[in-house]
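# Architecture at a glance
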Amino acid sequence: MPVQQRTIVMGNTQTLRTPVGIVRLLAVIFACVTFSLVVHTGRWSGRVGDLCMFSWCFCFAVTLVILIVEFAGVQNRMPVSWKNFPITFAMYAVLMCLSATVIYPLNFLEDKAYGNQARTYQIVAIVFSCLTTLAYIIEVSLTRAKPGEVTGYMATTPGLLKVVETYIACIIFVFVSDPPLYEKHDALKWCLAVYCICFILSVVVIILCIGECTGWLPCAFNKFLSGYALLAVLMYASAMIIWPIFSFDRKNGGSPNRPSACSSSHNLYRMCTWDKMVAVSVLTAVNLIAYVMDLVFSARLIFITV
């Protein structure tokens, strides 16, 4: 009777030895240590704490999935474009972990009622959160498109800018919605419409690239990107002018000076209305710069393989 031989399937260990694989492994370890230390201290209550904890856990889980997929060598079987998905997630992870690294100490580290041991754990968690952010920054720098390289759109500078634009828009939505800052004037409602329209269109572009559905567009993808970037620049430029005028001008019921009551607000979700209006103005300017850069790079991007 012939002896049946078993076929042992070995994973693709080579992917874990590459610089990108090593950086992803470090990101998984750093993120795991970060949220483990925060859980150990028990200092992550409220919406701010939930946001920070979600950022660390989400980045840990998705990076682990990416490592498993590449280790198993089943990238081609995934329902997403593997040329676009990892770099898109890595860029989001940079922004999420960076935000958590800044927000967490501002809201929880200043509490003097907790012992030195708990504060030590918190400080170590913040250090590892910084290391997690650094790991994702290195991953983005290693996987982004090099000059003359034919790769996925999301690996190019305009693609990465789309991630930044959507993330900044999400932060703007947080500030304008609690409490609603756009109900005073119809002009401010136009600014909200600008944020929503540009956000939705950027998300659509990201989804089309990750899902490899750019062929569904009724026009050439590069022409669509250039036209949309130009439209976004014009819309954000109008919001950049309108929002400060109707928020801080006394003629429109605003105040150009910071109220004294705002001095006692330190928590992100306890910021006074005036501070939130300033934050929206600054973020609008930052996103306008991002869209201007997007327009410039989109116009220069001649050949794109998605």
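Per chain, residue numbering runs from 1 following the sequence as it is written. Local features in this predicted model are restricted to residues of pLDDT 70 or higher, and side-chain atom pairs are both shown and tallied only at a pLDDT of 80 or more, whereas totals for entire chains, interfaces and linings draw on every residue. To obtain the side-chain values, all non-hydrogen atoms of the structure were included, while hydrogens and water were left out.

As a reminder, the rule being used: UniProt positions are given in the numbering used here, feature names are shortened, and annotations may be inferred rather than shown by experiment.
The protein is annotated in an unreviewed UniProt entry as MARVEL domain-containing protein from Hymenochirus boettgeri. Here the protein is described in UniProt, under the heading Sequence similarities (unreviewed entry), as follows: "Belongs to the MAL family." Its UniProt record gives the protein a comment under Subcellular location (unreviewed entry), which states: "Membrane".

### Quick notes on the overall build of the protein
The condition that has to hold: Secondary structure follows DSSP: runs of H or I at least 4 residues long count as helices, runs of E at least 2 residues long count as strands, and numbering of each begins at the N terminus. A 1.4 Å probe rolled over the protein chains alone gives each residue an accessible area, and that area as a share of the maximum for its type sets the label: buried under 20%, exposed over 50%, partly exposed in between. Reported accessibility uses the Shrake-Rupley method at a 1.4 Å probe radius. Residues are deemed covered only where the shown protein chains occlude them.
Per the secondary structure count, the protein includes nine helices and zero strands. Its helices and strands taken in sequence order, the protein reads α-α-α-α-α-α-α-α-α from the N to the C terminus. Buried residues in the protein amount to 44% of all 306 residues. In the structure as shown, the protein presents an accessible area of about 16,000 Å², 68% of it carried by carbon and sulfur atoms.

### Here we look at the packing of aromatic side chains
Our working rule: The rule is short: rings of Phe, Tyr and Trp, with Trp giving its six-membered ring, pair when the centres are within 6.5 Å, and they are stacked under 30 degrees, edge-to-face over 60, tilted in between.
This model, assessed by the stated rule, comprises 16 aromatic pairs. On the numbers, 5.8 Å between centres and 35 degrees between planes, the contact of Trp 82 with Phe 85 is tilted. Take Trp 82: its relative accessible area is 18%, and that puts it in the buried class. Among the residues examined, Phe 85 registers a relative accessible area of 24% and is labelled partly exposed. Aromatic rings pair up to connect Tyr 195, Phe 224, Tyr 228, Tyr 236, Trp 243 and Tyr 291 into one cluster.

### Structural notes on the UniProt feature "transmembrane region" (unreviewed entry) in the protein
UniProt's feature table lists "transmembrane region" (unreviewed entry) at residues 21-41, 53-73, 85-106, 118-138, 159-177, 192-213, 225-246 and 277-303, given in the numbering used throughout. Helix makes up 100% of residues 21-41 and strand 0%, whereas the separation of the span's terminal C-alpha atoms amounts to 31 Å. Split by type, residues 118-138 is 100% helix and 0% strand. Its first and last C-alpha atoms lie 30 Å apart.

### Topic: the side chain of Glu 139
As a reminder, the rule being used: Contacts are assigned to residue pairs that have any heavy atoms within 4.5 Å of one another.
Along the chain, the position of Glu 139 falls in helix α5 (residues 116-143). Note on Glu 139: relative accessible area 2%, which makes it buried. Among all residues touching Glu 139, those that are not within four sequence positions of it are Val 20, Val 23, Arg 24, Pro 86 and Ala 90.

### A few points about the environment of Gly 49
With respect to the helices and strands, the residue Gly 49 is situated in helix α3 (residues 46-72). Between the C-alpha atoms of Gly 49 and Tyr 104, which are 55 residues apart in sequence, the distance is 7.0 Å. Ignoring any residue separated from it by four or fewer positions in sequence, one finds Gly 49 in contact with Trp 44 and Phe 108.

### Remarks on a nonpolar patch on the surface
In plain terms, the rule: Patch membership requires over 30% relative accessible area and the absence of a salt bridge. Like charges are linked within 9 Å, and nonpolar side chains (Val, Leu, Ile, Met, Phe, Trp, Tyr) within 5 Å. Basic side-chain nitrogens of Lys or Arg form a salt bridge, by our definition, when they fall within 4 Å of a carboxyl oxygen of Asp or Glu.
Judged by side-chain polarity, Ile 123, Val 127, Leu 131, Leu 134, Ile 137, Ile 138 and Leu 142 come together as a nonpolar surface patch covering roughly 530 Å² of accessible area. Turning to its location among the elements, Ile 138 is positioned in helix α5. On the accessibility criterion, Ile 138 (35% relative accessible area) is partly exposed.

### Looking at the environment of Thr 151
Mapping Thr 151 onto the fold places it in the loop between α5 and α6 (157-177). Taking C-alpha positions, Thr 151 is 6.8 Å from Lys 83, a pair spaced 68 residues apart along the chain.

### Description of helix α4 (residues 85-109)
So the rule is basically this: For a helix, the expected span equals 1.5 Å multiplied by the number of residues minus one.
Its 25 residues give α4 an end-to-end C-alpha distance of 35 Å, which sits within 8% of 36 Å, the value for a rise of 1.5 Å per residue. Among the 25 residues in α4, 20 count as buried, and that is most of the element.

### Focus on the pattern of salt bridges
Any two side chains of opposite charge can pair, so long as their charged atoms come close to each other. Within the structure shown, the criterion is met by four salt bridges. Its salt-bridge partner being Arg 24, residue Glu 139 comes within 2.9 Å of it at the nearest N-O pair. Pair noted here: Glu 139 is in helix α5 and Arg 24 is in helix α2 (residues 19-41), with a separation of 115 residues, a long-range link. Among the residues examined, Arg 24 registers a relative accessible area of 4% and is labelled buried. In this structure, the salt-bridge partner of Lys 162 is Asp 294, at a minimum N-O distance of 2.6 Å. Pair noted here: Lys 162 is in helix α6 and Asp 294 is in helix α9 (residues 273-300), with a separation of 132 residues, a long-range link. The pair formed by Lys 162 and Asp 294 is uniform in burial state, with each residue classed as buried. One salt-bridge network, held together by shared partners, links Arg 24, Glu 70 and Glu 139.

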